[in-house]
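Survey of secondary and tertiary structure
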Amino acid sequence: MIVETGHFALLLAFAVALYQAIVPLVGAQRGDERLTAVAVPAALTQLGLIALAFAALTYAYVTSDFSVENVWANSHSAKPLLYKVTGVWGNHEGSMLLWVFILALFGACVAVFGGNLPPGLKARTLSVQAMIGSAFLLFILLTSNPFARLDPVPVDGQGLNPILQDPALAFHPPFLYAGYVGLSVAFSFAVAALIEGRVDAAWARWVRPWTVAAWMCLTLGIAMGSWWAYYELGWGGFWLWDPVENASFMPWLVATALLHSAIVVEKRNALKVWTVLLAILAFSLSLLGTFLVRSGVLTSVHAFAVDPERGVFILAILCVFIGGALALFAWRAPMLKGGGLFQPVSREGALVVNNLLLAACAATVFVGTLYPLALEVVTGDKISVGAPYFNLTFGPLILPLLLLVPIGPMMSWKRARAWPAVQRLWGAGVVALVAGVVAFAIARDGPVLAPFGMALGLWLIAGALNELALRTGLFGKGVRTALRRLFGLPRAAIGMTLAHMGLGFAVLGIVATTAWRQELVTVMTPGESVDFAGTAITFVSETPRTGANYRDDVGRFRVVADNREVTVLTPSKRVYLPSRQPTSEVGIYPFWSGDLYLAMGDREGDAGRVVRIYFHPLVPFIWIGAAIMFAGGAISLTDRRYRVGAPRRARAAAAEGAGA
Amino acid sequence: MMARLLAVLALLAGLSGPATAYQPDEVLDDPALEARARELSTELRCLVCQNQSIDDSDAPLARDLRILIRERLQEGDTDGEVIDFVVARYGEFVLLRPRFAPHTWLLWLPPFAVLAIGGIVILRRRGARNGANRPDAPLAPAEEARLKDLIGDPDKGDGQT
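Residues numbered from 1 in each chain as written. Chains lettered and ligands numbered in written order. Predicted model: local features only at pLDDT ≥ 70, side-chain atom pairs only at ≥ 80, totals over all residues.

Considerations on the overall build of chain A
The line we're drawing: Under the DSSP-based scheme used, a helix requires at least four consecutive residues in state H or I and a strand at least two consecutive residues in state E, with every element numbered from the N terminus. Only the C-alpha atoms count toward the radius of gyration. The rule for a globule is 2.2 Å times the residue count to the power 0.38. Burial in this document is a count-based property: other C-beta atoms within 10 Å of a residue's C-beta are tallied, and the residue is buried at 20 or more, exposed at 12 or fewer, or partly exposed in between, with C-beta positions derived from the backbone. Residue pairs are scored as contacts if the distance between their C-beta atoms, which are placed from the backbone, is within 7 Å.
Summing up its helical and strand segments, chain A has 24 helices and 10 strands in all. Computed over C-alpha atoms, the radius of gyration of chain A comes to 27 Å, within 12% of the 26 Å expected from 2.2 N^0.38 for 660 residues, which places it in the range of a compact globule. Dimensions of chain A along its principal axes, counting C-alpha atoms only, are 80 × 75 × 55 Å. When the 660 residues of chain A are sorted by exposure, 55% land in the buried category. Restricting the contact set of chain A to residue pairs at least 6 apart, pairs at least 24 apart contribute 74%.

Here it is as structure tokens:
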């Protein structure tokens, strides 16, 4: 009964979404306040109904109701409760339901927190949001019903894919989707602004917090996915340039560009057309990512052709929304008047360069991901595009961008001078130089340019701190004044500093672990020891164990460093029972200098085991960096200027910001 | 030199470091030869996996390929000859870095084309704007008064944007 209620609620949500898509838009066009006023209650009702549907499916999972086909296919009664809940979105139907749930959540947030939006803009934005919602609700209802029943009822379920039974991967989709779907708000704002024909500083101020929110969720979602890959794949790879990863990376790159260009619109009233285009592209790439992952087109073009129903439906959604928005853009964008002028060397100029490089990076990931598919469809030729391609194309594009990150905030608006801006960073420059020299001295082997990479990472971190020190007057006014000023700084400024710093940490982690990773693959028998990376590792024993829904062989490895036992690592080879799928659980010990990483391989002979031991220097910095970026976004969201946001005051604040 | 520089840049940017699913028994005695074999392994795709190099893959076919590479290297093949040999056998699909040829121009050129075209567009727009935005002739006092009449006093401003 509860399950049917959920299905019915979803149907009602579709009807409400259609209503919300049409009525407020008509009202806004006619200037009829009675019609525009329905947008807010409709958005809230839609959220309530989808939440009900989502709760119903969750209930079916938690109670292991195997009469529901979706639960039967993806759950098992012996599964831990946590994974029963996260199993809701560990499959196609459930994850699409999560998708529309988050979409409705963002829509409702715009409705609730958008109190100071002009009624016309708000009604149009919510209307566009509901158009997207109704398209995806229809998709779920017609092709991906999570509430379908089974008769007769099976005794037990087939179990969740074991690789999804993992904390990081369990919460990876909600954050990733919050990022993907959050960009729909920027998209809706852009389309609404195009319909209105007006983009101004106030518009940018409204769009920015939504973009920040989506961007930080996307950052965390991608980081969680990469962390999962790191400890699950058995050798510590954290980014494989896999199409599925690329599908989430493209919107991230464009959202990052959008964050920066919206600043120019807000402060200087320039780059409007470009910013609107970015807002459209960011969400378009999110839709593309959804299509790539959900249609099965990535596994093979043929799998897509065999069961094309879902893929074609999402493709149609894709074409309607991207095509429609771009057509609207082509028609209306020329009406948007260009704003403030600026010299090439200026804060605006720096942000333009940032956008250009990010756009080129996104283009690289785009062609690298889609060209093989396109080529196969057109000519039948099959080619592969992997890490070596991206290293040669993405690398040279991202490096100058990273180098320029600390310099941009040093530039003044309108017109700046490059050399003084660089000079003000002398402190960061010295730190970076020293870091490079030290790295070169310590690590004789490894790539020649790796020390340069370390210098680059520290340049970013020290550059961010340097900027903060200058803003607070630490170098001239003393510590006390600086601290007082620090708390007086706009939160958005602190957020930017943190985000840039986090990027620096991530660069350090990526460079160090890529350049100086150590590895040892060998056969060990219990009792045997090896020396590795300054530690002595002893294979103590191996014991079988039975878990809730798996059986595994657990190895015990004693790690001794400086004649002291540091830890006992317990990696295992695991087989999940319902599916008999094997997985490998690695043992990781975090030293301050990096991770000791140990994975068990296959049996070798009677008592032997293939053992893979790695040392990944500084690798946690990658995720620490991502967490700092997330924190930066969160702090930036608390900036009161975002909440005040009314045009009059926005302008006053902008003037203040420009004068500061 | 350029290739080497790019390779190192590549390393900095990410992700071509040694990673492995190779087995202890595959390793060659000659470290230099083994290093070359590992390098080559990261460039070749495991044909039965999704987007994994044979260096990362556990699949038996990947193992066969790793052994094949080492055999060819031991027989004195250059890196290029090994790659050619594998491509002749398995097709271009096996290369994770497609060759630069007419059918992959659209793969290799766009990243840099976006940069170049974007740069040109920005520069040209700047030029056009500089031309279009020459300071206007100052208004006559009478015109200024009428303008003030029409749009209100700009100094006070109503803040509407």
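Back to the write-up after that little detour.
Focus: the overall build of chain B
The secondary structure content of chain B amounts to seven helices and zero strands. Looking at the 161 residues of chain B, the share that counts as buried comes to 32%. Summarising the internal contacts of chain B: among those between residues at least 6 apart in sequence, 47% fall at separations of at least 24.

Let's talk about the pairing of strand β10 (residues 608-617) of chain A
Residues and elements named next belong to chain A. The criterion, for reference: At least two DSSP bridges between two strands are needed for those strands to be called paired.
A large share of β10 lies buried, amounting to eight of its 10 residues. Examined bridge by bridge, strand β1 (residues 518-524) and β10 share seven bridges and lie antiparallel to one another. The residue bridging M524 from the neighbouring strand is R609, located in β10. When strand β9 (residues 594-604) meets β10, the two strands line up antiparallel, connected through nine bridges. By the bridge assignment, D595 is partnered in β10 with H616. Linking β9 to β10, which pair antiparallel, is a turn of three residues; within it G605 sits at a positive phi near 70 degrees.

With respect to the nonpolar core
All names here are of chain A. What counts here: For this analysis, nonpolar core means a set of buried Ala, Val, Leu, Ile, Met, Phe, Trp, Tyr and Cys residues linked through C-beta atoms within 7 Å.
Ranked by internal contacts, the top residues of the largest apolar core, which has 224 residues, are V100, A186, V254, A279 and A282. By residue number, the principal contributor to this core is helix α9 (residues 201-232), which donates 21 residues. In terms of nonpolar packing, the next biggest core, distinct from the first, is built from 18 residues, I537, V586, L598 and F615 among them.

Observations regarding the domain arrangement of chain A
All names here are of chain A. Cut-off, in case you're wondering: An automatic or database domain assignment supplies the residue ranges for each domain. By the convention adopted, Pro, Cys, Tyr, Trp, Phe, Met, Ile, Leu, Val and Ala count as nonpolar, Lys, Arg, Asp and Glu as charged, and the other residues, Gly among them, as polar.
Taken domain by domain, chain A comprises domain 1 (1-165), domain 2 (198-314 + 336-407) and domain 3 (518-620). The centre of domain 1, based on its C-alpha atoms, is set 43 Å off from the matching centre of domain 3. Of the residues contributing to the side of domain 1 that touches domain 3, the split by class is four nonpolar, three polar and one charged.

Digging into the confidence of the model for chain B
Residues and elements named next belong to chain B. To keep it simple, the criterion reads: Per residue, pLDDT measures the predictor's confidence, with a range of 0 to 100.
With 64% of its residues at a pLDDT of at least 70, chain B reaches an overall mean of 73. Looking at the elements of chain B, mean pLDDT is at its lowest for helix α1 (residues 2-13), recorded as 41, and at its highest for helix α5 (residues 105-108), recorded as 92. Overall, residues 1-20 carries pLDDT values under 50, and its contacts beyond four positions in sequence, including any with other chains, amount to 56 contacts. Segment residues 154-161: pLDDT under 50, and 10 contacts once partners within four positions in sequence are set aside and those in other chains are kept. Scoring the predicted complex yields pTM 0.88 and, for the interface, ipTM 0.82.

Structural notes on the sheet that holds β1(A)
All names here are of chain A. This is how it is decided: Fitting a line to C-alpha atoms yields each axis, with helices limited to the stretch in contact; the angle taken between N-to-C directions then spans 0 to 180 degrees.
The antiparallel open sheet is built from four strands, whose spatial order is β1-β10-β9-β8. Of all the strands in the sheet, just β1 and β8 (587-591) have a single pairing partner and so form its edges. Each neighbouring strand pair of the sheet contributes to a mean axis angle of 15 degrees, computed without reference to strand direction.

Quick look at the environment of A360(A)
Mapped onto the elements of the fold, A360(A) is located in helix α14 (residues 347-379). Residue classification places A360(A) among the buried residues on the basis of 26 C-beta atoms within 10 Å.

Describing unusual backbone geometry
Residues and elements named next belong to chain A. Here the residue pair D151 and P152 is connected by a cis peptide bond, since its omega of 0 degrees sits within 30 degrees of zero. The backbone of N269 shows a phi angle near 60 degrees, a positive value even though the residue is not glycine. Secondary-structure assignment places N269 in the loop between α10 (243-268) and α11 (272-295). We note that L618 has phi near 55 degrees; this positive angle belongs to a residue other than glycine. Taking the number of C-beta atoms within 10 Å as the measure of exposure, L618 has 21 and is therefore buried.

Some words on the packing of helix α8 (residues 167-196) of chain A against α11(A)
Residues and elements named next belong to chain A. Applicable threshold: With respect to orientation, any angle under 35 degrees is reported as roughly parallel, any angle over 145 as roughly antiparallel, any angle of 65 to 115 as roughly perpendicular, and every other angle as oblique. In a left-handed crossing the near helix is turned counterclockwise from the far helix by less than a right angle, and in a right-handed crossing that turn is clockwise.
Two elements in contact, α8 and α11, have axes whose closest approach is 8 Å; the angle formed by their N-to-C orientations is 140 degrees. Taken together, the axis directions place α8 and α11 in an arrangement best described as oblique. In this structure, the crossing between α8 and α11 has a hand that is left-handed. Facing Y180, L183, S184, A186, F187, F189, A190, A193 and L194 of α8, the residues of α11 in contact are V276, A279, I280, A282, F283, S286, G289 and T290. When grouped by side-chain class, the residues that make up the contact of α8 with α11 number 13 nonpolar, four polar and no charged.

Thoughts on the environment of A214(A)
Residue and element names in this part refer to chain A. Tracing the backbone through its elements, the reader meets A214 in helix α9. In the structure, A214 is positioned 136 residues away from A78 in sequence and 35 Å away in space, judged by C-alpha atoms. In this view, A214 contacts G179, G182, L183 and A255; residues no more than four positions away in its chain are not counted.

As for the confidence of the model for chain A
Residue and element names in this part refer to chain A. Mean pLDDT over chain A: 88, with 95% of residues reaching 70 or higher. Per-element mean pLDDT across chain A ranges from 43 in helix α24 (residues 647-659) up to 96 in helix α3 (residues 39-62). Throughout residues 645-660 the model reports pLDDT below 50, and contacts reaching past four residues in sequence, or to other chains, amount to 24 contacts.

Focus on the environment of N391(A)
Residues and elements named next belong to chain A. Along the polypeptide, N391 turns up in helix α15 (residues 387-404). Under the C-beta neighbour-count criterion, N391 is labelled buried, with 25 such atoms within 10 Å. On a C-alpha basis, the gap between N391 and A108 in space is 41 Å, while along the polypeptide they are 283 residues apart.

Observations concerning the packing of α14(A) against α15(A)
All names here are of chain A. With their axes 10 Å apart at the nearest point, α14 and α15 run at an angle of 165 degrees to one another. Between α14 and α15, the crossing angle belongs to the class labelled roughly antiparallel. Once α14 is placed against α15, the crossing between them reads as left-handed. Only Y389, F390, T393, F394, L397, I398, P400, L401 and L404 of α15 make contact with α14, whose side of the interface consists of A350, V353, N354, L357, L358, A360, C361, T364, V365 and G368. Here the contact of α14 with α15 is composed, by residue class, of 15 nonpolar, four polar and no charged.

With respect to helix α22 (residues 620-637) of chain A
Rules: Any helix carries an expected span of 1.5 Å times its number of residues minus one.
Its 18 residues place the ends of α22(A) 26 Å apart at the C-alpha level, agreeing with the 26 Å of an ideal helix rising 1.5 Å per residue. Those residues of α22(A) hidden inside the fold are in contact with α9, α21 (491-516), β8 and β9 of chain A.

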